Structure formats: structure tokens, C-alpha cells
Amino acid sequence: MDVSDVKILILGAGGLGCEIVKTLALYGLPELHIVDMDTIELTNLNRQFLFSTRDIGKPKASVAAEAINRLQIPCKNGVTGFVHVVPHNQDLTQFNDDFISQFDIIVSGLDSIEARRWINFKLHDVTVKSNFKTVIPFIDGATEGLMGNCKLIVPGFTSCYECSLSTLPQNTETYPLCTLASNPRTLAHCIQYASIILWPREFPNRPHDLESPDDLQWLYEKSLHRAEEFNIHHSTLTTRYVLGVLKSIIPSVTTTNSIIAGQCCKQAIDLLTDKIDIETCPTFTMYNGEAGATMFSYRHERDASCTVCSVFA
Amino acid sequence: MINTSFDSNQGGLSCIRTSVKDQGPRALVQVMADQINGGLDDRYDRQLMIWGHSGQDLLSQSHVCVVDDNQTLLMRECVKSLALMGIHEITVVFGSSNGSDFVNKSNSDILGFDALESMNPDVTFHIWNENAVPIDSQHKLWNSFSIVICLCTAGPLLQRVMKLSAVPLIMASTNDNLGFVRLIGSEPHCVIDSHGHFTFDLRLNRMWPELAEYHESFDVKNMSQEEVSSLPYSVLLYNVGKSLKSKNIPINRKSVRAEFIELHDSILSGPLTNDLNFVEAERSSFLLYDQSGPFPHNLTNILNSFHAEPNSTINRWVYQFVRCIRIFYDLRGDLPVSAFIPDMESSTKLFNAQKAVYQRKAAKDKSEIMRILAKENYSLIPEPLIDKMLENLKHLDAIKMGSLSSATRTISEKPKFNKLLSLQNDRHDTTFVSPAMASILGAMVSQECVKLLTHQYVPVENTLLYDGDSNETSTFIL
Ligand SMILES: [Zn+2]
């Protein structure tokens with residue numbers, strides 16, 4: 001493949017996305033597109049280094065693109081001009097087939113499983129519809145705390161994202177309703193009671209909005225009352241604690257993002273320069289930095305019953 | 001008894017499970033510990049979930065020095081990560097061998113010093129040319145650093161770093177698709193919290209009098225269905241163990257399971273899986289035959305790792321604390337009891353009562369540990385750290401650091417590592433590093449640096465080789 005005329009689409013301009021667009025720009029690739037529908041928040045700034053405090057509230061994709069474009073990074077590989085990043089401040093599932101088909105590779109640093117499933121389905125669909133004229137490799141990065149993984153998906157040649165869903169960790173804990181209603185023993189039980197039993201009773205017509213300070217305060221007060229009533233130690237209960245229990249917030253740090261994004265970009269460059277054989281190469285790379293720094297790679301087997309990629313089997 | 005309308009018509013405690021999200025007990029313990037430590041800072045919110053306020057406080061007191069011949073991409077990536085994570089002070093020292101005496105603050109550089117300096121207002125930067133720093137390796141400037149990161153592969157700057165003896169040192173380099181990270185220090189490094197798999201020890205097979213009395217107070221066989229459903233699983237386990245003992249049946253997985261089913265079916269109707277406290281009891285039945293072992297291996301490892309009192313403050317505190325735990329163990333034949341017990345499906349009243357039994361014993365054991373600490377003249381350890389270590393007895397550890405004298409040793413089983421060393425010794429062109437390799441290696445270096453500074457998670461022991469051809473790492477001791 002000719003690296004001088006390459007177009008890459010980056011999904012997400014968060015922790016991974018900022019790293020991916022930076023690293024690909026440093027390779028001097030001519031045209032990068034980045035899509036994200038979110039705006040910048042203070043809690044992003046410990047890892048999303050293309051943003052600063054004065055960018056809070058602005059769209060992520062635009063600010064990331066502007067941060068790179070402003071620097072006028074020269075293209076490499078014999079191309080004149082500067083690296084150009086095109087922002088898309090929108091929901092990626094609004095992209096049509098023609099738009100997606102213009103890219104050579106798609107690299108994702110998304111935080112949503114549903115968005116990944118959508119692009120995975122779309123790329124397989126494009127491959128089938130074009131009768132293998134358009135095969136766009138999809139490289140997917142994901143991190144949580146000091147762990148992460150990078151998956152290479154080439155429609156028709158490797159297993160797909162859908163096939164690997166069963167390998168995702170189950171991050172949900174379930175509580176019996178009777179524990180919440182009658183036998184609360186922890187602060188989490190009190191908070192869940194306020195959230196799923198008291199709130200709908202008081203406000204049957206609208207779900208609570210955790211972004212709203214008023215709603216959060218209401219939930220906090222009811223949780224506190226519940227804890228007092230049942231003699232549950234509550235000196236640690238704060239609105240932030242309530243938020244931590246009700247919202248699944250993924251721990252995130254710049255180092256893991258840098259490692260996984262670097263791994264995704266390395267795969268992208270290796271693909272573009274024909275360094276790897278998609279028929280045989282390892283496709284999944286797993287990383288864990290909690291004890292030492294272990295990374296290993298293997299070729300993920302296709303799930304024979306996969307609804308997305310079994311058409312190619 | 002509190003309103004039971006939710007379960008009264010469903011028989012026992014067989015309840016509908018709601019699927020609500022939770023971060024698991026560990027994350028909550030972490031959040032709780034952090035709340036106690038006070039202040040919150042939204043900028044670091046997501047990483048506080050990884051190492052807590054206690055870890056972040058240590059970072060905000062640290063001064064890290066990064067040394068490199070040239071202003072390489074690897075160095076910039078490394079400094080970028082350190083700055084974003086909130087290291088208080090970062091000093092960059094670069095060589096003058098490449099002819100430039102001034103700091104190149106080019107705007108067109110995505111990771112130029114301007115950009116790095118504006119990434120986090122909490123960080124203070126110093127950028128020095130090698131000619132401006134003291135030649136003497138014993139100079140107090142070098143000793144003011146918490147850690148020195150050396151990315152030089154040759155030259156006079158490397159020679160100066162190789163003379164530093166007191167400060168922990170991280171050496172790293174990358175060439176083509178290979179990279180290594182090596183941790184060097186004059187003494188082993190203690191880990192306060194490895195964040196390993198969390199296990200509870202309820203002491204069901206070696207109870208103290210109050211715990212035994214509490215468990216004896218339930219006449220399970222003569223209870224109503226509802227009363228049995230409100231019992232914490234430890235009471236069920238205790239009864240099963242007692243009954244097996246009275247029948248002279250050895251306690252093992254099979255006998256415990258059979259006895260469980262018998263106990264369940266004698267009181268309750270329907271399958272055992274309907275009764276959550278029975279389900280939990282079965283899942284934790286290993287607590288019955290989990291015998292009190294010898295003094296834990298990880299604690300022995302800490303004591304054996306040091307020939308004398310450690311020099312660095314936190315290492316010394318961990319060592320002193322573990323020595324006292326050993327004294328306690330020799331006196332009492334067991335470790336101090338933990339104040340934390342897992343949530344057990346049961347009535348609020350019974351759970352609170354049981355929790356209080358553990359908390360009273362934990363407080364008593366802690367005061368004995370405090371007495372031993374005072375007697376040994378180890379009174380400087382901060383109490384929050386003592387509390388943290390008491391909760392983390394299974395997650396304390398020590399790792400051995402590499403020595404400066406072995407820094408250039410090759411190792412026959414690792415041909416790729418030898419290749420990397422020979423490339424750098426030949427003064428091969430090390431200034432070009434691919435952006436992806438710089439991103440990966442720079443972050444790995446900063447991550448190891450943060451593990452050393454926070455004493456949380458387990459650092460590499462002691463040399464890591466990253467192989468970009470196979471996308472794999474390997475670790476070995478040099
Ligand atoms: Zn599939």
C-alpha cells in the first residue's frame with residue numbers, strides 16, 4: 001500500500017483518541033479524520049493532553065484537530081504539505097457507507113461497546129456489498145486502569161469484534177431486591193434503594209439525571225437517611241460516593257492509553273507497509289501493568305456462530 | 001424485624017436480582033479509603049480510582065529527573081506522561097554533545113517543552129543543559145530527586161548517572177522494534193498495596209472467644225424458615241463444621257457439601273439455590289478447611305529482603321511494620337484480625353452485630369500492634385499507613401532492584417536483549433525512534449516510575465524487554 005496517499009479515520013477523541021491522532025500525525029500521514037460527539041470536561045485533562053482548561057465545554061474532535069493542525073507538522077514519505085486533521089463533531093453511527101468507504105484503516109479508541117459493534121457490523125457489511133473490493137481493517141483499542149487490549153479486525157480474514165464480546169469482563173454486580181428493600185447492610189445498598197425504589201416512587205415521570213446537582217443531592221439525602229435508619233456506618237457517604245456507585249466510571253490513566261494507542265498505531269503502520277500477513281498474524285494483544293508489565297499476543301479464533309462474520313466462513 | 005413485603009411471598013430469600021451496576025467491593029473500599037483522606041481533585045478523578053489519594057499525594061511531593069543525550073521523542077513521551085499524572089517537579093537534563101547548548105522550544109513540536117509545560121499547571125519544570133548541572137554525583141542536587149530516569153545509551157552524561165548510588169534509577173532505551181526498561185536501586189523496593197486478588201479470612205476455623213460465642217448463640221436446627229433465611233453464611237458454615245466434627249467426619253469439599261444439603265433440606269423446602277445465604281455459604285466453604293498456615297510468604301519475603309533497616313522512608317516503615325507483625329504472630333500464633341468483612345446476605349441487624357464482633361477484635365489487635373511498634377521505637381509510621389497495611393497484609397511485598405554494576409551485562413538466553421545492548425554500545429543511531437515505540441516505551445517507563453513513587457502495584461523485577469515484532473514482553477532479573 002502507498003503510505004503517501006493514506007486516509008485514516010479515528011473513532012473517539014478521548015484518552016485513546018488523543019494519543020492515536022498524535023502518534024499517527026508524528027508519522028507524517030497526510031489526512032486523518034477524527035470523530036467524537038462529546039465536549040471537554042475537567043476530568044478528561046489527566047490524560048487527554050491535546051486539551052487544556054480553557055477548552056472545557058468545547059467539542060473534543062474540533063479541539064483535537066485544531067491542536068494538531070496549528071503545529072503544521074510536515075508530511076513524510078515524499079508528500080509535500082502538512083498533516084491535516086478533519087474533525088467530525090457528531091455521532092459516528094450517522095456516517096453513511098460512502099463516507100466510511102473512503103478510508104484505508106479505521107482506528108478506534110471508543111468507550112462504548114455499542115459504537116464498536118456498529119462499526120464492526122458496518123465494515124463487514126461494506127465488505128460483503130462490495131464483493132471484497134472494499135476491505136477496511138479495523139483496529140480497536142480499549143483500556144481500564146492499568147490493563148488494556150488492542151484488537152486487529154480485517155473483515156473476511158480475521159475474527160471480528162462481535163466474536164470477542166464473550167471475552168469482555170462482566171462489570172456488573174447484582175443485588176437482590178429484598179436486600180435493598182429490607183436488609184440493607186452497605187452504603188451501596190442504601191444508594192441503590194434511593195435510586196431504584198424511592199426515586200420512581202417520588203418522580204414516576206422522569207428518571208434521575210446524575211449530571212444534575214439537585215437530583216444527586218436528593219439521592220444523597222435519601223441514602224443518608226436510609227443509612228441512619230439502619231445503623232450503617234456513613235461517615236464516608238458523599239455525593240461523589242453516590243455518583244461512584246450509580247455511574248460506572250472507568251478508571252483511566254495516560255500511561256495505559258499511551259501504551260495501547262501506540263500498539264494500535266504500530267499495527268496500523270505495519271498493515272500499511274505490508275509488514276504483517278493478515279492471514280496468519282496474531283490479532284489480539286493483551287496488556288496488564290498491575291504486576292510488572294506483561295503483554296502477549298495471539299490470533300483470536302473466529303466464533304463459528306458469530307452473526308456478523310460467519311458469512312465469510 | 002423490618003418490612004419484608006418483598007420476599008414474604010417468594011419463600012425464603014429467593015429474590016429477584018436487579019441488574020444494577022457496581023464497581024465491586026474492592027473499588028468501594030478504595031473509594032472509602034480515599035474519602036477519609038479528604039480533598040478531591042477532578043483533574044485526577046480517573047487515576048485516583050487506580051491509586052487513591054494516598055498515591056496521588058506521594059506523586060504531588062515527588063521530584064523526577066529525566067536525563068537524555070538528545071531531546072528524543074522517547075524522552076518527550078516519558079515527560080508527557082509524568083506531567084499529566086501530576087508529578088510535582090520534573091527536571092530534564094540533556095546532553096551538550098550534540099552541539100546545541102540551548103533548549104529548542106520549537107512551536108511546531110507537538111511534544112515540545114512549551115506544550116509539555118502547559119499540559120498541567122500543577123507541575124514545575126526545570127530544563128537544564130548538562131553543562132549547567134554539578135559534575136559531582138554526590139552533589140545534593142542529585143540527591144534531591146525521588147527518581148532519576150536515564151534514557152542515554154552512551155556518552156559522558158551516562159557515565160555521570162552511573163555514579164549515582166543513592167537514588168533509584170530507571171534506565172530505558174529503544175531501538176528499531178525493541179525496547180527495554182530496567183529498575184536499579186541500592187535496596188529492595190517495598191509494595192504497600194499490590195492490588196492483587198482480594199480474599200477475606202473470617203477465622204471460622206480458629207475463632208477467638210467472642211466470635212465463637214456469637215456463632216454458638218444460634219440454635220439453627222430449631223429456627224423458623226424466616227429466621228434461617230436471615231442468618232449470615234458464616235453461621236451456616238460454623239454449624240456444618242460443628243456437625244461434621246461431632247460425627248467424626250473429616251472436613252473436605254465433599255463432606256461439607258453433603259452436610260450443607262442435609263442442613264438445608266431439614267429446615268427449608270425447595271432447591272438450595274433459592275436461598276442466597278446457603279449459596280454464599282457453599283461458595284465460601286473453603287473457609288472451613290483453610291487452615292491457619294505458616295507466617296505468610298509475602299511478609300517473610302519482606303523480612304528476608306533486607307539485611308539491615310532500609311534507608312528510604314517508606315521501605316523502612318513497611319519493614320518495621322512487618323517486623324512487628326512477626327512479633328505479634330510469634331506471641332499470638334496468628335495475624336491481626338481485619339476490620340473489614342465481606343457483605344453477607346442476611347438481616348441488617350445480624351450483619352451489623354457480626355461486623356461489630358470483628359471490629360472490636362481488629363481494634364484490640366491494632367492496639368497491641370501499636371504497643372509493639374512503640375516498644376520497638378518504631379513510632380514514626382503514620383497511623384493511616386498502619387491502617388492501610390493492616391488491611392493489606394496479603395498485598396504487601398518486596399521486589400529486588402537491579403544493581404548498577406550489572407547495568408551493561410548481557411544474558412545468553414535473551415538474544416534480542418543482547419542485540420539491543422550491542423546496538424547502543426555501537427552508538428548506533430538511537431535518535432530515531434518510531435512514534436509508536438516512543439509512545440509505548442515512554443509510558444512503560446513512567447508507569448514503573450509511578451509504581452516506585454506510590455509503592456502501589458508491583459514494579460518490573462527488574463528488567464523488561466518489549467519486543468515489537470511479536471508484540472510481547474518478557475521480564476528477567478539482572
Ligand atoms: Zn465475528
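Residues numbered from 1 in each chain as written. Chains lettered and ligands numbered in written order. Predicted model: local features only at pLDDT ≥ 70, side-chain atom pairs only at ≥ 80, totals over all residues. Heavy atoms only, no water.

S.K.: Outline the nonpolar core, listing residues and values.
M.R.: Grouped together as the largest cluster of nonpolar side chains are 103 residues, with contacts concentrated most on Ile8 and Leu32 of chain A together with Ile149 of chain B. When sequence neighbours within four positions are dropped, the list of residues in contact with Ile8 of chain A reads Leu24, Leu29, Glu31, Leu32, His33, Phe103, Ile105, Val107 and Leu272 of chain A. Counting residues in hydrophobic clusters, the runner-up holds 33 residues, among them Val256, Leu263, Leu268 and Phe278 of chain B. (Core = buried A, V, L, I, M, F, W, Y, C linked by side-chain atoms within 4.5 Å. Buried < 20%, exposed > 50% of the residue type's maximum accessible area, 1.4 Å probe, protein only. Contact = heavy atoms within 4.5 Å.)

S.K.: Before we move on, could you go through the coordination of the zinc ion and cite the residues and values that matter?
M.R.: Residues and elements named next belong to chain A. Within the protein, the zinc ion binds to Cys160 (SG), Cys163 (SG), Cys306 (SG) and Cys309 (SG); these donor distances fall in the range 2.2 to 2.3 Å. Here the zinc ion is ringed by four donor atoms whose angles at the metal span 95 to 120 degrees, and the overall shape comes out tetrahedral. Positions of the donor residues of the zinc ion along the chain correspond to the pattern C-x2-C-x142-C-x2-C. Of this pair, Cys160 sits in the loop between β6 (147-153) and β7 (175-176) while Cys309 sits in the segment after β9 (294-298), and the two are 149 residues apart along the sequence. Like Cys309, Cys160 is buried. (Donors = N, O, S within 2.8 Å, 3.2 Å for Na, K, Ca; no water. Tetrahedral: all angles 85-135°; square planar, octahedral: opposite > 155°, others 65-115°. Helix = DSSP H or I, 4+ residues; strand = E, 2+ residues; numbered from the N terminus.)

S.K.: Go over the UniProt feature "active site" (unreviewed entry) in chain A with me, naming the residues and quoting the values.
M.R.: Under the UniProt annotation, the feature "active site" (unreviewed entry) is placed at Cys178 of chain A. Mapping Cys178 of chain A onto the fold places it in helix α5 (residues 177-181). (UniProt positions renumbered as here; feature names shortened; annotations may be inferred.)

S.K.: Any details on the interface of chain A and chain B? Residues and values, ideally.
M.R.: In this complex, chain A contributes 72 residues to the contact, which on the side of chain B involves 81 residues. Summed over both sides, the interface between chain A and chain B buries roughly 6700 Å², with carbon and sulfur atoms accounting for 59% of that surface. For the interface between chain A and chain B, the tally reads five salt bridges. In this structure, Lys22 of chain A engages Glu77 of chain B in a salt bridge whose closest nitrogen and oxygen atoms are separated by 2.5 Å. Remark: the boundary between chain A and chain B carries 31 residue pairs in polar contact (both at pLDDT 80 or more). Breaking the side of chain A that touches chain B down by element, the ones donating at least two residues are α1 (15-26), β7, α5, α6 (187-202), α8 (239-246), α9 (254-272), β8 (284-288) and β9 of chain A. Grouping the amino acids of the side of chain A that touches chain B by side-chain chemistry returns 32 nonpolar, 31 polar and nine charged. (Buried area = accessible area lost by both parts, 1.4 Å probe. Salt bridge = Lys/Arg side-chain N within 4 Å of Asp/Glu carboxyl O. Polar contact = N/O pair within 3.5 Å; in protein donor to acceptor, adjacent residues only side chain to side chain. Nonpolar A, V, L, I, M, F, W, Y, C, P; charged D, E, K, R; others polar.)

S.K.: Please set out the packing of helix α13 (residues 297-305) of chain B against helix α14 (residues 313-332) of chain B residue by residue, giving values where relevant.
M.R.: The description of two helices packed together rests on the angle between their axes and the distance between the axes. Residues and elements named next belong to chain B. Across the interface, α13 lies against α14 with an axial gap of 10 Å and an inter-helix angle of 120 degrees. The pairing of α13 with α14 is recorded here as oblique in orientation. Helix-helix and strand crossings are classified by hand; for α13 and α14 the assignment is left-handed. Counted together, Leu299, Ile302 and Leu303 of α13 and Val318, Tyr319, Val322, Arg323, Ile325 and Arg326 of α14 form the full contact between these two elements. In terms of residue class, the contact of α13 with α14 is made up of seven nonpolar, no polar and two charged. (Axes fitted to C-alpha atoms, helices over the stretch in contact; angles between N-to-C directions. Parallel < 35°, antiparallel > 145°, perpendicular 65-115°, else oblique. Left-handed = near helix turned anticlockwise from the far one by under 90°.)

S.K.: Mind laying out the packing of helix α7 (residues 209-216) of chain B against helix α15 (residues 348-375) of chain B, listing which residues take part and the relevant values?
M.R.: Residue and element names in this part refer to chain B. Running from amino to carboxyl end, α7 crosses α15 at an angle of 165 degrees, the nearest separation of the two axes being 9 Å. As far as their axial angle goes, α15 and α7 are roughly antiparallel. In this structure, α7 crosses over α15, and the sense of that crossing is left-handed. Contacts from Glu210, Leu211, Tyr214 and His215 of α7 reach α15 at Leu350, Ala353, Gln354, Val357, Tyr358 and Arg360.

S.K.: Can you lay out unusual backbone geometry for me, pointing to particular residues and giving the numbers?
M.R.: All names here are of chain B. Between Glu461 and Asn462 the backbone carries a cis peptide bond, its omega angle lying at -20 degrees. Inspection of the secondary structure puts Asn462 in the loop between α18 (435-454) and β10 (463-467). Here the phi dihedral of Arg203 falls at roughly 60 degrees; this positive angle occurs in a residue that is not glycine. Within the fold, Arg203 resides in the loop between β8 (189-191) and α7.

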